[in-house]
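Notes for the structure review
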Amino acid sequence: MVRVSVLCGMQTLNFNSYSFRLKKQEKQTLIYDPLRKRFFRLTPEEWVRQHCIQFLHLEKGYPLSLMNAEKQLKLHDTTKRYDIICFKPNGDIHVIVECKAPEVNITQATFDQIARYNMALKSNYLMVTNGISHYFCTIDYENETYRFLNELPPYT
């Protein structure tokens, strides 16, 4: 069996193998996003984002109906875009995910970026991934600290 990553020319990532809807359009490969409900150009970062959506849904049990992707966020006087957010049923934000392309190293700047987003969003958990390395942490707002986790807790 040929892996999807080989068929679409993308790097194999450190996630389980998932099924994706792919199509060719004007010599470009497109991948279907189940959250935004349309096809997007397959870039290395989009490849990571789509794997992460499947990971959250299939491995951790997060309902697709309580996730969204690539939405704008106002931070002070600037507009940013987050990659993925998972909500609680009451609408509170449960997880923020920052996705990078596999060739992008996860650095302190990456954590600073998601921390800035979280100042406005107030999530319980943060996930940072480039598809190869995954980092998870939980936020303790009362004591103004965070703690790295070995894995993201399942949806409850």
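1. Quick word on the nonpolar core
Cys52, Leu56, Ile84 and Val97 are the most contacted members of the largest nonpolar core, which totals 27 residues. If one sorts the elements of this core by residue count, helix α2 (residues 44–59) sits on top with 6 residues. If we skip the residues at most four places from it in the chain, Ile84 touches Arg49, Cys52, Ile53, Leu56, Met67, Asn68, Ala69, Val95, Ile96, Val97 and Cys99. The next biggest cluster of nonpolar side chains, apart from the first, holds 14 residues, and it includes Ile114, Tyr117, Leu126 and Cys137.

2. Observations concerning the environment of Phe40
Summarising the element assignment, Phe40 is placed in strand β3 (residues 38–41). You can call Phe40 buried: its relative accessible area is 15%. As for Phe40 and Asn68, which are separated by 28 residues in sequence, their C-alpha atoms are 15 Å apart. If we ignore the near neighbours within four places in the chain, the residues touching Phe40 are Thr29, Leu30, Ile31, Asp33 and Glu46.

3. Quick word on α2
Taking 1.5 Å of rise per residue, 16 residues should cover 22 Å, and α2 covers 21 Å from first to last C-alpha, within 8% of that figure. Two residues or fewer past α2, Gly61 is found with a positive phi of approximately 80 degrees.

4. Quick look at the environment of Val95
Positionally, Val95 belongs in strand β6 (residues 93–99). The class of Val95 is buried, set by a relative accessible area of 0%. When sequence neighbours within four positions are dropped, the list of residues in contact with Val95 reads Tyr62, Ile84, Ile85, Cys86, Ser123, Tyr125 and Leu152.

5. A word on the pattern of salt bridges
According to the stated counting rule, one finds 9 salt bridges in the structure shown. The salt bridge involving Asp33 is made with Arg36; its shortest N-O contact spans 2.6 Å. By relative accessible area, Asp33 is classed as buried at 0%. We note a salt bridge from Glu70 to Arg81, for which the minimum N-O separation is 3.4 Å. In this pair, Glu70 sits in strand β4 (residues 67–75) while Arg81 sits in strand β5 (residues 78–87), placing the two residues 11 residues apart along the sequence.

6. Observations concerning a nonpolar patch on the surface
There is a patch of nonpolar side chains on the surface, built from Tyr135, Tyr146 and Phe148 and spanning about 330 Å² of accessible area. Residue position: Tyr135 is located in strand β8 (residues 134–140).

7. Observations concerning the sheet that holds strand β1 (residues 22–25)
Reading across the sheet, the 3 strands line up as β1-β2-β3 and stay open at both edges, with antiparallel pairing between neighbours. The outermost strands of the open sheet, each flanked by one partner alone, are β1 and β3. Across the sheet, the axes of successive neighbouring strands diverge by a mean angle of 40 degrees, strand direction being ignored. Bridge analysis of β1 against strand β2 (residues 28–33) gives 4 bridges, and the strand direction is antiparallel. Note on β2: the bridge partner recorded for Lys23 is Leu30. Its contacts with the sheet put α2 on β2 and β3, and the angle it makes with β2 is roughly 25 degrees.

Basis of the calculations
- Residues numbered from 1 in each chain as written.
- Predicted model: local features only at pLDDT ≥ 70, side-chain atom pairs only at ≥ 80, totals over all residues.
- Heavy atoms only, no water.
- Core = buried A, V, L, I, M, F, W, Y, C linked by side-chain atoms within 4.5 Å.
- Buried < 20%, exposed > 50% of the residue type's maximum accessible area, 1.4 Å probe, protein only.
- Helix = DSSP H or I, 4+ residues; strand = E, 2+ residues; numbered from the N terminus.
- Contact = heavy atoms within 4.5 Å.
- Expected span 1.5 Å × (residues − 1).
- Salt bridge = Lys/Arg side-chain N within 4 Å of Asp/Glu carboxyl O.
- Patch = residues over 30% accessible without salt bridge, like charges linked within 9 Å, V, L, I, M, F, W, Y side chains within 5 Å.
- Areas by Shrake-Rupley, 256 points an atom, 1.4 Å probe, with all protein chains shown as cover.
- Pairing = 2+ DSSP bridges.
- Axes fitted to C-alpha atoms, helices over the stretch in contact; angles between N-to-C directions.

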